[in-house]
Amino acid sequence: AVVAVDSIQTMYHPDYESAPGSVTQVRECAARFLELAKSQNVAIFLIGHVTKEGAIAGPRVLEHMVDALLFLEGDRQYQYRILRAIKNRFGSTNEVGIFELRGSGMVEVKNPSQLFLSDYRQRIAGAAVTCTLEGTRPILLEVQALTTSASFGMPQRTAAGIDHKRLALLLAILEKRGGIQVATADVFVKIAGGLRIDDPAADLAILMAIASAHRNTILEAEALFLGEVGLGGEIRAVSQLEKRLKEAEQLGFAVAYVPRQKMDQELNLRLSVVEIKHISEALEVLR
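Reading the values: the criteria
Residues numbered from 1 in each chain as written. Predicted model: local features only at pLDDT ≥ 70, side-chain atom pairs only at ≥ 80, totals over all residues. Heavy atoms only, no water. Pairing = 2+ DSSP bridges. Helix = DSSP H or I, 4+ residues; strand = E, 2+ residues; numbered from the N terminus. Axes fitted to C-alpha atoms, helices over the stretch in contact; angles between N-to-C directions. Expected span 1.5 Å × (residues − 1). Buried < 20%, exposed > 50% of the residue type's maximum accessible area, 1.4 Å probe, protein only. Arc of directions from axis to C-beta. Contact = heavy atoms within 4.5 Å. Polar contact = N/O pair within 3.5 Å; in protein donor to acceptor, adjacent residues only side chain to side chain. Salt bridge = Lys/Arg side-chain N within 4 Å of Asp/Glu carboxyl O.

A. Broad picture of the sheet that holds strand S4 (residues 80-88). An order of S3-S4-S5-S6 is seen for the 4 strands of this open sheet, with the pairing classed as antiparallel. Among the strands making up the open sheet, the edge pair consists of strand S3 (68-73) and strand S6 (105-108). Neighbour-to-neighbour, the strand axes of the sheet open up by a mean angle of 35 degrees, direction not taken into account. Summarising the sheet, S4 and strand S5 (residues 96-102) pair through 5 bridges and their orientation is antiparallel. When the bridges of S5 are listed, Ile82 appears paired with Ile98.

Structure representation (structure tokens):
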């Protein structure tokens, strides 16, 4: 029913003199496997190497020959893995699978939001919750931040789970538009659980976590922060806001701070939705 080839770079066809892993060998071996899959109605998984940057190592011809390209990604220090489709001839690439590594193998995570928020109720300064989209699945995540006085001349900017340049940009907005001076402070930001996100809807939560840590003020435990932050400090609209709010409601959140935008449908939610237009309005929550 299923054939797993680990790995395609080690396959060798005797009709060709080039070494295993070369363009010729990878192309011809993949073509034979493709012919086998079509003629015998067998699902074949060709496992290939990737570089440190996450791209396919070696000849990229393999990427164009296969029907679907799947990436299994995650931090080796954590037990969670995300199965993501980069290419799919038979369906959407917007769907992801989230799995947990256990002694019995990889087990599907039914509700990843509960998994990544399991320790959030401890109530500490520098923590804020946002909702990101992995494919079409909304996942609630905790953003953690810490600020301390710089011990040396150059303040540190350390980011885990978000892009380093994105953190620098958000810090500039927080200082210029929000009035919170962090230029002389070391700033550390991480996404709890080891996930890496690039969803702009998490901008507001990142800024609120940093401001909360800098002022040593605890945010509401049942508060959700959503919104992309522009260079002028304005809070911009996010995609699929309704789906994110429904996920927050199911996990017992009481209030959501969101951009002022028109929703596609009317929602009868138990949680309170507070619309904000500027970062200064969001910072009023800390007071």
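B. How the structure looks around helix H4 (residues 164-178). In a regular helix each residue adds 1.5 Å, so 15 residues correspond to 21 Å; H4 covers 20 Å between its end C-alpha atoms and thus fits that length. Of the positions making up H4, those classed as buried are Arg166, Leu167, Leu170, Leu171, Ile173, Leu174 and Gly178. Taken down its axis, H4 places every buried residue within 160 degrees of arc, on the same side. Residues of H4 that are exposed and point more than 90 degrees away from the buried face comprise Lys165 and Lys176. Lining the buried residues of H4 we find strand S9 (157-160), strand S10 (185-191), helix H5 (203-215), strand S12 (228-229) and helix H7 (279-283). With a side-chain oxygen positioned 3.1 Å from the backbone nitrogen of Lys165, the residue opening H4 is Asp163. Of the residues trailing H4, Gly179 is marked for its positive phi of about 75 degrees.

C. A look at the pattern of salt bridges. With the rule as written, the count across this model stands at 11 salt bridges. Between Lys38 and Asp67 there is a salt bridge, and its shortest N-O distance comes to 3.3 Å. Of the two residues, Lys38 sits in helix H1 (residues 23-40) while Asp67 sits in the loop between helix H2 (61-65) and S3, which places them 29 residues apart along the sequence. The residue Asp199 makes a salt bridge to Arg244 at a minimum N-O spacing of 2.9 Å. Residue Asp199 is found in the loop between S10 and H5, and its partner Arg244 is found in helix H6 (residues 241-250); the two are separated by 45 residues along the sequence. The network of salt bridges with shared partners includes Lys38, Asp67 and Arg89.

D. Just the pairing of S6, in detail. Alignment of S5 against S6, held across 4 bridges, turns out to be antiparallel. If you follow Leu101 over to S6, its bridge partner there is Met106. Between the end of S5 and the start of S6, which pair antiparallel, lie 2 residues.

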